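# Per-entry structural report
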Amino acid sequence: MMDPILKEGKNCWRILKAKRVAFLVDAADYFDAFARSAARAKESILIAAWDVDSRIRLFNEKEREGLPPGLWDFLNTVVKRQKGLNVHILEWDFAVIYALERQLFPVFNLPWRKNRRIHYHLDSEHPVGASHHQKVVVIDDRIAFVGGLDLTRQRWDTPEHPAEDPRRIDPSGVPYGPFHDVQIAVDGDAAAVLGDLVRTRWQRATGKRLEPPGRGGVDPWPVELSPDLAEVRVAVVRTDPAYKDREKVREVEALYLDTIASAQRFIYIENQYLSSFSVGRALAGSLEKKDGPEIVIVLRVGSDWLEETTMGVFRARWLARLREADLHDRLRVYYPAVPNLDGKTVNVHSKVMIADGTFVRVGSSNLSNRSMGVDTECDIALESCGEKRIEKGIAGFHHRLLGEHLGVPAHVLACTMEEERSLIRCIEKLKGSKRTLLPFPEEGISWTTELLPGSAIDPVEPIDPEKLLKEFVPEDVAKRSAHRLRRFILFLLGMLGLAAAWRWTPLGDWIDWDTLAAFGAQVRDNGSAPVLVITAYVIGS
């Protein structure tokens, strides 16, 4: 038996016992499980999120056991029913650039404050330019959900990912395309430690300490949620950037590197991005080895023009580097396709890595530089350590994921894997139906992309504002900057006023998304798009 990959204090925070583990593929299953668990809560519901939208529907019935489907109405009703229950929601104090994508002005506009036992706070306790990207929900310290999914808009979807689904409507009444993501549910000591993680962040953000709930009472694990694994040890893996008196935590990066180094047969990856310097180098090094593992990566192809001209450029660079390093034909990069999308794509938002069928991790961390050292992240990982029952559970999850993408039942995929003894040969044998995995296109890299500074968009370390000021602002200018700060505040207020006018006046009809999309398409098709985007970004900053 090989040495375990997971090591406390090196590439994970804690390794703890979970009585039950379940893999929730796509948000329909996650939202359903969350609703059923939250309905059974007695003392505490903790939510740490990148984004929360009070208007989303958790399920499609008009009501379930007297509970309404909308998130705010649901939580409000649950709290009123249960006297001792408190809900604490900790959302990233998001950058203004995201204002039009979110429920605007959450402090004033969201209804959380209407109930004294629903506590809501915007968390800005992070370095300049960072974000809180953890997606963690803990109920009574007895069940926890971790992964890539927030309780927010444009996330709900089923594993079928049909091109058109009347249930796939955001709170504004706008339909959106297929969305793929993964969450993991754990209980036992693992859930309690995740509760500690959220309570620590709450104390940092608010200065108020939350007491952990008692461990008695009703088990909040939904009876409808069948565990994929039982009696296993799971690891909690974090990124937490250095800030104030806190030292940096880079367990997410360390575990990615250790997993890649340890893999022998295959590495399967699903991720939103591919721009991390350290992970990219590790994957390239593995491909260059004569006897290394097969590497299969599932990414999303196509997104909005702004992202394509920034993170898309970084992805293209690394894919070119990996293809160059693939000396022994062990790399395949795909994107999922479903019928009748008419040029649109499945939004792959999941953050999954499976190695050799003996190791799995699910969480919030992207394969980006930001996720390694700038944004807060939380993943859950586990390994079999030679136990066949755990390998069976990991394989079952892997076969469900691939079966979803290839349009075949999980048992068919399992049989094909057994026959082919190769992940790549298995996929190549099964792909080709209407629902399938397609080869990720080779993207051209123009000379202008070399002018795009990754450190400004996807930094490796948190931005030091004092260092930035010294480097870019002359000392005499810095001394005269007080009046400029006032001018900047006035400018910012004006921009917020414009955003409000766009949202609530006829200006929104004049400058609509179709107009902006057409403009974005013109910029995207321009060879100098990366330079134009970063220039606009710098001037705007």
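Structure first, text after, so check above.
Residues numbered from 1 in each chain as written. Predicted model: local features only at pLDDT ≥ 70, side-chain atom pairs only at ≥ 80, totals over all residues. Heavy atoms only, no water.

## Here's the deal with the overall build of the protein
Put simply, the rule reads: To qualify as a helix, a DSSP run of H or I must reach at least 4 residues; to qualify as a strand, a run of E must reach at least 2; elements of each kind are numbered from the N terminus. Exposed residues in this analysis have more than 50% of their type's maximum accessible area, buried residues have under 20%, and partly exposed residues fall in between, with area computed by a 1.4 Å probe over protein chains only. When checking whether two residues touch, look at their non-hydrogen atoms; a contact exists if any pair is within 4.5 Å. To be clear on the numbers: accessible area is Shrake-Rupley with a 1.4 Å probe, and residue cover counts the displayed protein chains and nothing else.
Helix and strand counts for the protein come out as 19 helices and 18 strands. Scored against the burial criterion, the 541 residues of the protein give a buried share of 54%. Residue pairs in contact within the protein that sit at least 24 positions apart in sequence constitute 79% of those at least 6 positions apart. Total accessible area computed for the protein in this model is approximately 24800 Å², and 55% of it derives from carbon and sulfur atoms.

## Some details on the pattern of salt bridges
Selection rule: Within this document, salt bridges are pairs made up of a side-chain nitrogen of Lys or Arg and a carboxyl oxygen of Asp or Glu, the two lying within 4 Å of each other.
Following the criterion strictly, the structure yields 36 salt bridges and no others. Among the charged side chains, a salt-bridge network with shared partners connects Asp32, Arg36, Glu61, Arg64 and Glu224.

## Concerning the pairing of strand β13 (residues 331–337)
Let me state the cut-off plainly: Strand pairing is assigned whenever DSSP detects at least two bridges linking the two strands.
Of all seven residues in β13, six are buried, a share of seventy percent or more. Bridge count between strand β12 (residues 294–298) and β13: four bridges; the pairing is parallel. Of the residues in β13, the one forming a bridge with Val298 is Tyr334. When β13 meets strand β18 (residues 436–439), the two strands line up antiparallel, connected through four bridges. Within the sheet, the bridge partner assigned to Ala337 lies in β18 and is Thr436.

## Here's the deal with the packing of aromatic side chains
Cut-off, in case you're wondering: Planes of paired rings set the category: under 30 degrees apart is stacked, over 60 is edge-to-face and the rest tilted, where pairs are Phe, Tyr or Trp rings (Trp by its six-membered ring) whose centres lie within 6.5 Å. For a ring to carry a charge above it, either NZ of a lysine or CZ of an arginine must fall within 6 Å of the ring centroid while also lying within 35 degrees of the normal to the ring plane.
Following the criterion strictly, the structure yields seven aromatic pairs and no others. Between the aromatic rings of Phe34 and Phe74, the centroid separation amounts to 6.5 Å while the plane-to-plane angle is 45°, which identifies the pairing as tilted. Of this pair, Phe34 sits in helix α1 (residues 27–38) while Phe74 is found in helix α2 (residues 71–81), placing the two residues 40 residues apart along the sequence. For Phe34, a relative accessible area of 0% gives the class buried. One aromatic cluster in this structure is built from Tyr30, Phe31 and Phe145. Just above the ring of Phe59 sits the side chain of Arg64; from NZ or CZ to the centre is 4.3 Å. The ring centre of Tyr256 lies 3.6 Å from the NZ or CZ of Arg361, which sits over that ring.

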